[in-house]
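A closer look at the structure
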Amino acid sequence: MKFKIKTISMAVIGALISGSVMAAGVSATNSDLLITDGNIDATDSNVAMSAIRGYTLSVIDKNIIATTKLKGIEAQDSKVIVGDSTTNSVNISAHSSDASQHMYAIWANNVNDTNTNVSVDGKTIHLSATNDGGSSRAVVAQTGAVVNLGSSQTETLQIDAVGNEATMGVWASYNETDKTNGGKINIKAKNFILNSDGVYGLLAQNNSEFEDPSAGRAQIVVDAENTVINSAGSGIMAFSNGLIDIKGNLTVNAPTAIDTRGNATININTDGKGTVV
């Protein structure tokens, strides 16, 4: 196990004691932190990987497996990088039965209008959030935070949101104080699969209704050769100036395929190259 850090946080000290498998979450709280062992077993902790106060957490390994209760990744006014061009697989899972909490595979948020950024890369990526007692929100970017999932090397990216009807798959959320700077989620893979037990599949919601919305509004961009969205409610949703842009072949299996209102925008295959089912 190799660490390149200035200060070792208490979470990492617990992991060092345990041996080759992290027995606690890892957190960049006092300095930038690089982890080169991708086995993070934080099943007894609320968060597997986190960074705050402008620091950067990087987890780089051939195969990365992170399990926890509430949040697989938590980034607040900071950066979290999981995987790179050398990574074969990434599996991030949050699982609990706490009805009072939402489960997140990824939660990214700006509190002080800084550049919060989460990047996950690998040949295969699986993100899951499961709440046996309530709702989950698998991937969330809000208040100007940016989440980048996958790259040109990613063969399959799968996101599973398991829980009750309030469960969300992927949510680009609004900025309460600055309606021109919502959350942004970028998805790139050969095959993208989204499964949501709730009424929300993809949701971009900016909470504004400008006739000419800013380019910085809450948005989701999907660039995949094949996209399949399975939702118990609506597959693709854009509300209140939210923006969703999907490129490639698209299949939606849901009672409502598309739901939009409030000067929101949904673009599907504007280049005319893909098929839609």
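Everything here concerns the structure above.
The structure displayed is predicted, hence computed values, not measured ones.

**Regarding the nonpolar core**
- Judged by nonpolar contacts, the single largest core of 60 residues is most densely connected at M49, L57, V139, L149 and I159.
- When residues in this core are grouped by element, the largest group, 5 residues, is from strand β18 (residues 184–196).
- Ranked by size, the runner-up nonpolar core spans 8 residues in total, among them Y104, L203, M237 and F239.

**What to know about the sheet that holds strand β11 (residues 104–109)**
- Strand order in the open sheet made by the 9 strands is β2-β5-β8-β11-β14-β17-β19-β21-β23, with parallel pairing throughout. Since the sheet does not close on itself, it has two edges, and those belong to β2 (26–28) and β23 (256–261), each with one partner. Direction aside, the axes of adjacent strands within the sheet are offset by 5 degrees on average.
- Here strand β19 (residues 200–205) runs beside strand β21 (residues 234–239); their pairing, made up of 5 bridges, is parallel. Paired with Y200 across the two strands is S234, which belongs to β21.

**Section: the packing of aromatic side chains**
- Scanning the entire structure with this criterion turns up 0 aromatic pairs.
- The ring of W107 has K71 sitting right over it, with the charged end atom 3.9 Å from the ring centre.
- The ring of F239 is capped by R261, whose NZ or CZ atom sits 3.8 Å from the centre of that ring.

**Looking at the pattern of salt bridges**
- Counted by the stated rule, this structure contains 2 salt bridges.
- Of the charged contacts in the structure, one is a salt bridge between K71 and E74, with a shortest N-O distance of 3.3 Å. Grouping residues by exposure puts K71 and E74 together as buried.
- Measuring nitrogen to oxygen at the nearest pair gives 3.1 Å for the salt bridge that ties D223 to K188. Separated by 35 residues along the polypeptide, D223 in strand β20 (residues 219–231) and K188 in strand β18 bring together distant segments of the chain.
- Given the relative accessible area of 30%, D223 is considered partly exposed.

**Here's the deal with the pairing of β20**
- Bridge count for β18 against β20 is 12 bridges, and the pairing is parallel. Pairing of I185 across the sheet is with I220, part of β20.
- Looking at chain direction, β20 and strand β22 (residues 243–253) are connected through 10 bridges and run parallel. Across the sheet, I220 pairs through a bridge with I244, a residue of β22.

**Let's talk about unusual backbone geometry**
- We note that T143 has phi near 55 degrees; this positive angle belongs to a residue other than glycine.
- On the secondary structure map, T143 appears in the loop between β14 (137–142) and β15 (146–149).
- Here T143 falls in the buried class, since its relative accessible area comes to 14%.
- Within the chain, S240 stands out as a residue other than glycine whose phi angle is a positive 50 degrees.

**Some points on the environment of S100**
- With respect to the helices and strands, the residue S100 is situated in the loop between β10 (89–96) and β11.
- Classification of S100 by relative accessible area gives exposed; the value is 62%.
- On a C-alpha basis, the gap between S100 and D32 in space is 32 Å, while along the polypeptide they are 68 residues apart.
- A polar contact is formed between the side chain of S100 and the side chain of D98, at a distance of 2.5 Å.

Conventions we followed
Residues numbered from 1 in each chain as written. Predicted model: local features only at pLDDT ≥ 70, side-chain atom pairs only at ≥ 80, totals over all residues. Heavy atoms only, no water. Core = buried A, V, L, I, M, F, W, Y, C linked by side-chain atoms within 4.5 Å. Buried < 20%, exposed > 50% of the residue type's maximum accessible area, 1.4 Å probe, protein only. Helix = DSSP H or I, 4+ residues; strand = E, 2+ residues; numbered from the N terminus. Pairing = 2+ DSSP bridges. Axes fitted to C-alpha atoms, helices over the stretch in contact; angles between N-to-C directions. Phe/Tyr/Trp six-rings, centres within 6.5 Å; stacked < 30°, edge-to-face > 60°. Lys NZ or Arg CZ within 6 Å of the ring centre and 35° of its normal. Salt bridge = Lys/Arg side-chain N within 4 Å of Asp/Glu carboxyl O. Polar contact = N/O pair within 3.5 Å; in protein donor to acceptor, adjacent residues only side chain to side chain.

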